[in-house]
Amino acid sequence: MTTQSKSAESRGVAQLMTAMVLSGTLGVFVVESGASPFNVVFFRVVFGALALGSYVLSRGWLRDHGFTPRTFGLAVLGGVFIVFNWVFLFESYENTSISVATVVYHTQPFYVVLLGALLFRERLTAAKVGWIALAFAGLILVSGVTPADFTSGGTYLTGVGQALLAALLYGLSTLVTKRITGVRPHLIALVQVLVGIPLLLPFADFGAMSGTGWDWGWLVGLGFIHTGVMYVLMYAAYAKLPTSKIAVLAFVYPAVAMVMDWAVYGHHIGLVQALGVPLIVLASLKVTLARPLRTRASAPARETAVRAPEAASRPATPVASEA
């Protein structure tokens, strides 16, 4: 590796680390805003569209966007999945905790593999099946769900289900976006947040926002920091880093989210729950790194287009991505 490529990779690591740390603070911004999940996501996409749109316009990328009717339609479909992925993830924060919701949400890679095999007949090896089984054993531990939760019908079990549904929607968005080529990921992300504006408008409760006051700052931050700045940093990093480093650094997000949940709200997972975390991390890395390594593309759009949804959770993952 040349000195120049080492320097570029070091910048990529710093950019992705920064993006993942920002992503780890997303839950605090959501909770502190005091708004309902639908309102949070609606204003996130509004302010996010302003941030991403300004960046795209400043770079002049709209003139040669690369979209075809097919790829634009796929971007729109991916946006539908991403937007509702955020809604369910943020609802899960309310019913469980930021820590539990975030770790459960990080079962996303396994849904991508399973959905790929189910919908597109992608090859599913015995090794991947084994790692996925291990991950879901870890999920059972992390969730902390007991048999009593199934009989009592409590909100905690609902929250775990919402995090799983958010991860499933993220997986669907990933599979859709993987089929978009020749388009910069910033443009794909811009389409996805723009889709969220008319999609969530019927669900937004503007009357509930009249007394928000200074809490608007948290919503503006979700749009400009967690959707604008974070996306730009992530896509810049993806163009410089191999898949292996991206996979490892992605776990900075849940680690920071758990620390923030403890530092701000005093929430922490128990000892038994903690035993499940390394199982999910190990299985996720094994499944992710088992994929064939992509050759680094000459243009950032080629290298990063397949990962556009990862900016909601981590990402949903997000939140959600993504989150």
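Residues numbered from 1 in each chain as written. Predicted model: local features only at pLDDT ≥ 70, side-chain atom pairs only at ≥ 80, totals over all residues. Heavy atoms only, no water.

Digging into the environment of Leu-199
At step 1: The topology assignment puts Leu-199 in helix 10 (residues 185–200).
At step 2: Taking the C-alpha atoms as reference points, Leu-199 and Val-83, separated by 116 residues in sequence, lie 8.5 Å from one another.
At step 3: Those residues in contact with Leu-199 that sit more than four places away from it in its chain are Val-80, Val-83 and Phe-84. (Helix = DSSP H or I, 4+ residues; strand = E, 2+ residues; numbered from the N terminus. Contact = heavy atoms within 4.5 Å.)

What to know about the packing of helix 4 (residues 69–95) against helix 5 (residues 98–105)
Geometrically, a packed helix pair is captured by the angle between its two axes and the distance between the axes.
At step 1: The contact between helix 4 and helix 5 brings their axes to 8 Å, and the two run at 140 degrees. As the angle between them shows, helix 4 and helix 5 are arranged oblique. Along the contact surface, helix 4 presents Asn-85, Leu-89, Ser-92 and Tyr-93, while helix 5 presents Ile-98, Ala-101, Thr-102 and Tyr-105. (Axes fitted to C-alpha atoms, helices over the stretch in contact; angles between N-to-C directions. Parallel < 35°, antiparallel > 145°, perpendicular 65-115°, else oblique.)

Some words on the packing of aromatic side chains
At step 1: This structure, assessed with the given rule, holds 17 aromatic pairs.
At step 2: On the numbers, 5.1 Å between centres and 80 degrees between planes, the contact of Phe-42 with Phe-43 is edge-to-face.
At step 3: The class for Phe-42 is buried, based on a relative accessible area of 6%.
At step 4: Residue Phe-43 is classed as buried on the basis of its relative accessible area of 9%.
At step 5: Judged by centre distance (5.6 Å) and plane angle (90 degrees), the ring pair of Phe-67 and Phe-72 falls under edge-to-face.
At step 6: Residue Phe-72 is classed as partly exposed on the basis of its relative accessible area of 41%.
At step 7: Each member of the aromatic cluster is reached from another via a ring pair, and the members are Phe-42, Phe-43, Phe-47, Phe-206, Trp-216 and Phe-224.
At step 8: Taking the ring centre of Trp-86 as reference, the NZ or CZ of Arg-44 above it sits at 3.9 Å.
At step 9: The ring of Phe-120 has Arg-179 lying over it, and the distance from NZ or CZ to the ring centre is 3.7 Å. (Phe/Tyr/Trp six-rings, centres within 6.5 Å; stacked < 30°, edge-to-face > 60°. Buried < 20%, exposed > 50% of the residue type's maximum accessible area, 1.4 Å probe, protein only. Lys NZ or Arg CZ within 6 Å of the ring centre and 35° of its normal.)

Observations concerning the nonpolar core
At step 1: One finds Leu-16, Val-41, Trp-86, Leu-89, Phe-90 and Tyr-93 to be the most contacted residues of the largest nonpolar core, which totals 68 residues.
At step 2: What Leu-16 contacts, discounting residues up to four positions off in sequence, is Met-234, Ala-237, Tyr-238, Leu-241, Ile-246 and Leu-249. (Core = buried A, V, L, I, M, F, W, Y, C linked by side-chain atoms within 4.5 Å.)

Examining helix 5
At step 1: Most of helix 5 sits out of view: eight of its eight residues are buried.
At step 2: Among the residues making up helix 5, those that are buried are Ile-98, Ser-99, Val-100, Ala-101, Thr-102, Val-103, Val-104 and Tyr-105.

Some details on the packing of helix 3 (residues 37–59) against helix 10
At step 1: Between helix 3 and helix 10, the least distance of the axes is 8 Å, while the angle of their chain directions is 145 degrees. Crossing angle aside, the handedness with which helix 3 passes helix 10 is left-handed. Mapping the contact onto sequence places Phe-38, Val-41, Phe-42, Val-45, Val-46, Gly-48, Ala-49, Leu-52, Gly-53, Tyr-55 and Val-56 in helix 3 and His-186, Leu-187, Ala-189, Leu-190, Val-193, Leu-194, Gly-196, Ile-197 and Leu-200 in helix 10.
At step 2: For the contact of helix 3 with helix 10, the per-class residue count stands at 16 nonpolar, four polar and no charged. (Left-handed = near helix turned anticlockwise from the far one by under 90°. Nonpolar A, V, L, I, M, F, W, Y, C, P; charged D, E, K, R; others polar.)

Some details on unusual backbone geometry
At step 1: Not every positive phi belongs to a glycine, and Arg-121 is a case in point at roughly 55 degrees.
At step 2: Looking at where Arg-121 falls in the secondary structure, it is placed in the loop between helix 6 (108–120) and helix 7 (126–143).

A short note on the pattern of salt bridges
At step 1: In the structure shown here, the tally under the stated rule is three salt bridges.
At step 2: Of the charged contacts in the structure, one is a salt bridge between Glu-122 and Lys-178, with a shortest N-O distance of 4.0 Å. Of the two residues, Glu-122 is situated in the loop between helix 6 and helix 7 and Lys-178 in the loop between helix 9 (155–177) and helix 10; the sequence distance between them amounts to 56 residues.
At step 3: Put simply, Glu-122, Lys-178 and Arg-179 are held in one network by salt bridges that share partners. (Salt bridge = Lys/Arg side-chain N within 4 Å of Asp/Glu carboxyl O.)

Points about a nonpolar patch on the surface
At step 1: Taken together, the side chains of Leu-50, Val-220, Phe-224, Ile-225 and Val-229 make up a nonpolar region of the molecular surface, amounting to roughly 370 Å² of accessible area.
At step 2: Counting residues per element, the nonpolar patch draws most heavily on helix 11 (residues 216–238), at four residues.
At step 3: Checked against the element boundaries, Ile-225 lands in helix 11.
At step 4: On the basis of relative accessibility, which here comes to 31%, the residue Ile-225 falls in the partly exposed class. (Patch = residues over 30% accessible without salt bridge, like charges linked within 9 Å, V, L, I, M, F, W, Y side chains within 5 Å. Areas by Shrake-Rupley, 256 points an atom, 1.4 Å probe, with all protein chains shown as cover.)

Interpretation note: all reported values are geometric properties and have no functional meaning in isolation.
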